[in-house]
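# Descriptive structure summary
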Protein chains: 2
Amino acid sequence: MRLTTKGRFAVTAMIDLAQRQANGPVTLAGISERQKISLSYLEQLFGKLRRHSIVASVRGPGGGYRLARAMNEVTVADIIAAVDEPLDATNCGGRENCQDEHRCMTHDLWTNLNKRMHEYLASVSLYDLVNQPKAKAIAASVAIDDRLRGSRRDNAVVSA
Amino acid sequence: MRLTTKGRFAVTAMIDLAQRQANGPVTLAGISERQKISLSYLEQLFGKLRRHSIVASVRGPGGGYRLARAMNEVTVADIIAAVDEPLDATNCGGRENCQDEHRCMTHDLWTNLNKRMHEYLASVSLYDLVNQPKAKAIAASVAIDDRLRGSRRDNAVVSA
DNA sequence: CTAATACCTGAATAATTTAGTCGACTATAC
DNA sequence: GTATAGTCGACTAAATTATTCAGGTATTAG
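If you're wondering where the values come from, they're calculated on a predicted model, not measured in any experiment.

## Regarding the nonpolar core
- Core analysis: the largest hydrophobic core is formed by 79 residues, its most contacted members being Met14 and Phe46 of chain A together with Met14 and Phe46 of chain B.
- Discounting residues that sit within four places of it in the chain, Phe46 of chain A has contacts with Ala13, Met14, Leu17, Leu28, Ile31, Val55 and Tyr65 of chain A.

Dropping the structure here:
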């Protein structure tokens, strides 16, 4: 699981779409203008989102894109996975010779963190983002945090 | 907050360091060989980690790197922030003209998700990663269990 | 039917980031 | 003094990200 500016564009565009689809299909031209993302880049991203059945297209005048499922059925993980395709199988993709004990151990630890990240992003839906009662959002993240043992929780900073 | 292969290299290297530092300073050459990361790339990464006071260096023969703080005082967010520097201030970095109502709203929603991501990564320390229940042993026993019971585990892909 | 709209596709390319390489230098242990 | 190992800077190759261009196709309006 990677989290890059590309995924950020996709999530931002999807939030825009989710917010506006009530009035019918949303055009990429509109998203492009509102979110300042180049139209062709959006076309590439939405091509992938469509092929992953996250959005559906309506062609012709008055057309555009709409969500293919309910808002709470679309997670941030779905969006990022659709757009980042290459799914980056870890270095030693399962069967590569992990001769060194320690090498394999580190590898396991990393993939485990990766898995947790994925679970977290899969727990946040488009619905959560758009209908964000702030208390709810915090409660959700705390619930996730509680599943971790012995971790530090004091440093805030959040300059992400 | 970005999560790229660069951050992955840094986290992997830090896990390796954390596991081995009990025997004294750990050399980059060793990490390079074990984790298959080019030495010079590690030098770049550890230069940043050192300048962020996450690791400390010991020069000369027998030297290497050690953690600058206790394992549970170093979070994944710390590591990634140190290595990914540019801290990617969101498009409209606070004071850019957010004339369109909707534009600003989407922006807020995005930064909120970003913040939660950061909080999550800040809740996972190096200690958590290194001292987690041995995935390997568990995986092995589960595999045996499956053969005995003939049960089917839907392997949930997670190929993040 | 025609024209306008908007999705769809692929290719070329610029910009940026990632990753690796090289060469010279500094501190320290022995 | 010599070998070890970090430190620094600059250069380069490869990959990814983002944009632009140049065509298409499906659908609606008139």
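## A short note on the pattern of salt bridges
- Summed over all chains, the structure comprises four salt bridges over all chains.
- We note a salt bridge from Arg34 of chain A to Asp16 of chain A, for which the minimum N-O separation is 2.7 Å. Of the two residues, Arg34 of chain A is situated in helix α2 (residues 28–35) and Asp16 of chain A in helix α1 (residues 5–20); the sequence distance between them amounts to 18 residues. Of the two residues, Arg34 of chain A and Asp16 of chain A, both sit in the buried class.
- We note a salt bridge from Arg69 of chain B to Asp78 of chain B, for which the minimum N-O separation is 3.5 Å.
- Residue class for Arg69 of chain B comes out partly exposed when judged on its relative accessible area of 30%.

## With respect to the packing of α1 of chain A against helix α3 (residues 39–51) of chain A
Residue and element names in this part refer to chain A.
- Relative orientation of the contacting elements α1 and α3 amounts to 80°, with a least axis distance of 11 Å. Comparing the axis directions of α1 and α3 gives the class roughly perpendicular. Touching Lys6, Phe9, Ala10, Ala13, Met14 and Leu17 of α1 are Tyr41, Leu42, Leu45, Phe46, Lys48 and Leu49, all from α3.

Thresholds applied
Along each chain, the written sequence defines residue order, and numbers are assigned to residues from 1. Chain letters start at A and ligand numbers start at 1, both assigned in the order the entries are written. In keeping with the model being predicted, local features are shown solely for residues with a pLDDT of at least 70 and side-chain atom pairs are shown and tallied solely at 80 or more, while totals for entire chains, interfaces and linings include all residues. Side-chain measures here rest on the full set of heavy atoms in the structure, leaving out hydrogens and waters. In plain words, nonpolar cores are sets of buried Ala, Val, Leu, Ile, Met, Phe, Trp, Tyr and Cys residues tied together by side-chain atoms within 4.5 Å. Working definition: with a 1.4 Å probe on protein chains only, accessible area under 20% of the residue-type maximum means buried, over 50% means exposed, and in between means partly exposed. Whether two residues are in contact is decided by their heavy atoms: any pair within 4.5 Å suffices. For this analysis, a salt bridge means a side-chain nitrogen from Lys or Arg found within 4 Å of a carboxyl oxygen belonging to Asp or Glu. Per the convention used, a helix needs a DSSP run of H or I reaching at least four residues, while a strand needs a run of E reaching at least two, with both numbered from the N terminus. Angular values range over 0 to 180 degrees, each being the angle between N-to-C directions of two axes fitted as lines to C-alpha atoms, with helices fitted over their stretch in contact. For classification, angles of less than 35 degrees are called roughly parallel, those exceeding 145 degrees roughly antiparallel, those between 65 and 115 degrees roughly perpendicular, and all remaining angles oblique.

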